[in-house]
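One-letter residues, chain by chain:
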Amino acid sequence: MKRNTVTGGILFLLIACIPHGLIAQQKHKLRRDPALLQTIESSLRESVNQYKALARQLPPGQMPRTWENGRLMTVANNSWISGFYPGALMYLFEFSKDTAIQREAFERVALMEPMKNLTSHHDLGFMMYCSYGNAYRLTGNEEYKKILVRAAQSLATRFDPRVGCIKSWNGIKSLDGKQYFTFPVIIDNMMNLELLFFASKVTGDAYFRDIAIKHSETTLQHHLRPDFSSYHVLNYDVETGLPVNKETHQGFSNNSTWSRGQAWGIYGFTMVFRETKDKRFLEAACKLADHFIDHPNLPADKIPYWDFNVNQPGFVPQWNYDPAKYPEVPRDASAAAITASALIELAGYVDKKLAQKYFGAAEAMLKSLSSPPYRTSGTEAGGMLLKHGCGGVPGNVEVDVPLTYADYYYVEAMMRYRNGK
Ligand code: GLY
């Protein structure tokens, strides 16, 4: 733990940390459900115990990925999901002030430091802002700030002004294997922009912010359909700057709405509106959210199927899909957790009627996530918090399992909800 962690933390919290849930609740005097508040309080307390159990099983140098067939599956620090565990620990430390959680949080965050130089894909925002971003938010530690700025510089190397986007992956085959995408950009990339906005704020260098805004504008122009559903992967031609393919990698079909992609879009555009106050981004966030919440295929418990269009007429998978393998369409708890967290913030930027809609939807999601069949009990999943997430169904990876990022956004959403008092 760095020198000024605790004292700096208290000071920094006092001067700089206004939870986004608080904005919504103060602005519109939204009533929080006392029963849900109680549920959240006990879920957070239980999460602290569960994450202590998780920490005990975690090999040195590793981060949790999922729990499958009775085993904890882990990743090293170079995975896109590596920042979520230290980030969730930071929130749990903020909640509990538990010293064992604090030690684990600051030890694991330190594992992320070498990743500040990573330039081989776009996930620096997820990796560094969820981990070091939260560590900096809680401590104000200057070293953490420097690491974050360096990570933003690494991410910025992937921006191409001809396209107006950060390139997500270096190159990848289309799901049907027939094409090769040389400038793929995925909707998830909106999430990585928060690191860039942060870097501009702390350095005074507008470049990071400028490219984040440009990426958002390009995404707004090409990545969303007229009904404000979203494509997953766009492949751009760097000569014309235009998309030449609009497909999916993790969704059901090229014209479907992959639930987590939609969730990334809601969260991403909400965050970009927070940082820019540009109404175009607020409108996008709201319409993406409306598409999610009002979708006729959203189940009554508000936890989406892994894709909104599975088995729907007119949606043809480009991968080896066998419906018999899935007697029930799997849900994706991670998409609900991300969306719940985003909606609590979004409720603070809209009129009271819409605020009630978004806040109410977030409450419904949080209630479901906090109950069976989604919420784990004790160490049934090694200490991971949520069941029924889907990583990548077309690749048969992590289908209907706990996911570290589902846990992260669930804890974040609970913190946003509870901190509104
Ligand atoms: N960014 C990868 C995912 O959401 O699965």
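Report on the accompanying structure. What you see is a predicted model, and the numbers here were worked out from it, not measured in a lab.

About the cut-offs
- Residues numbered from 1 in each chain as written.
- Predicted model: local features only at pLDDT ≥ 70, side-chain atom pairs only at ≥ 80, totals over all residues.
- Heavy atoms only, no water.
- Salt bridge = Lys/Arg side-chain N within 4 Å of Asp/Glu carboxyl O.
- Helix = DSSP H or I, 4+ residues; strand = E, 2+ residues; numbered from the N terminus.
- Buried < 20%, exposed > 50% of the residue type's maximum accessible area, 1.4 Å probe, protein only.
- Near = heavy atom within 4 Å.
- Polar contact = N/O pair within 3.5 Å; in protein donor to acceptor, adjacent residues only side chain to side chain.
- Areas by Shrake-Rupley, 256 points an atom, 1.4 Å probe, with all protein chains shown as cover.
- Phe/Tyr/Trp six-rings, centres within 6.5 Å; stacked < 30°, edge-to-face > 60°.
- Pairing = 2+ DSSP bridges.

### Regarding the pattern of salt bridges
Inspection of the entire model under this criterion finds 24 salt bridges. The residue Arg280 makes a salt bridge to Glu217 at a minimum N-O spacing of 2.9 Å. With Arg280 in helix α11 (residues 279–293) and Glu217 in helix α9 (residues 206–222), this pair connects stretches of sequence that are 63 residues apart. Classification of Arg280 as partly exposed rests on a relative accessible area of 38%. According to the relative accessible area criterion, Glu217 is partly exposed, its value standing at 25%.

### Details of the site of the ligand
Inspection of the region around the ligand gives Trp80, Asp188, Gln250, Trp258, Arg260 and Trp264 as its neighbouring residues. At 2.7 Å, a side-chain N or O of Asp188 approaches a nitrogen atom of the ligand. Residue Trp264 places a side-chain N or O atom 2.9 Å away from an oxygen atom belonging to the ligand. About the coverage of the ligand: the protein hides 93% of its 200 Å² of free accessible area.

### Some remarks on the packing of aromatic side chains
Per the counting criterion, the structure on display carries 31 aromatic pairs. Aromatic pair Phe106 and Tyr144: ring centres 6.4 Å apart, planes at 20°, arrangement stacked. Residue Phe106 is found in helix α5 (residues 99–110), and its partner Tyr144 is found in helix α7 (residues 142–156); the two are separated by 38 residues along the sequence. A relative accessible area of 5% places Phe106 in the buried class. Assessed through its relative accessible area of 4%, Tyr144 is described here as buried. Ring centres of Phe252 and Trp306 lie 6.3 Å apart, and the angle between their planes is 70°; on these two criteria the pair is classed as edge-to-face. Taken together, the positions of Phe252 in the loop between β9 (243–247) and α10 (259–276) and Trp306 in the loop between α11 and α12 (333–346) put the pair 54 residues apart, joining distant regions of the chain. The exposure class assigned to Phe252 is buried, which follows from its relative accessible area of 2%.

### Digging into the pairing of strand β8 (residues 233–236)
Here β8 shows a buried face lined by Val233 and Asn235 and a second buried face lined by Leu234 and Tyr236. The pairing of strand β7 (residues 184–186) with β8 spans three bridges and is antiparallel. Residue pairing in the sheet places Val185 in a bridge with Leu234 of β8. Across four bridges, β8 lies against β9 in antiparallel orientation. Note on β9: the bridge partner recorded for Tyr236 is Pro243.

### Observations regarding the environment of Asp176
Counting through the fold element by element, Asp176 comes out in the loop between β5 (172–173) and β6 (180–181). Taking C-alpha positions, Asp176 is 41 Å from Ala135, a pair spaced 41 residues apart along the chain. Side-chain polar atoms of Asp176 contact the side chain of Ser174, separated by 2.7 Å. A distance of 2.9 Å separates a polar atom in the side chain of Asp176 from the backbone nitrogen of Lys178.

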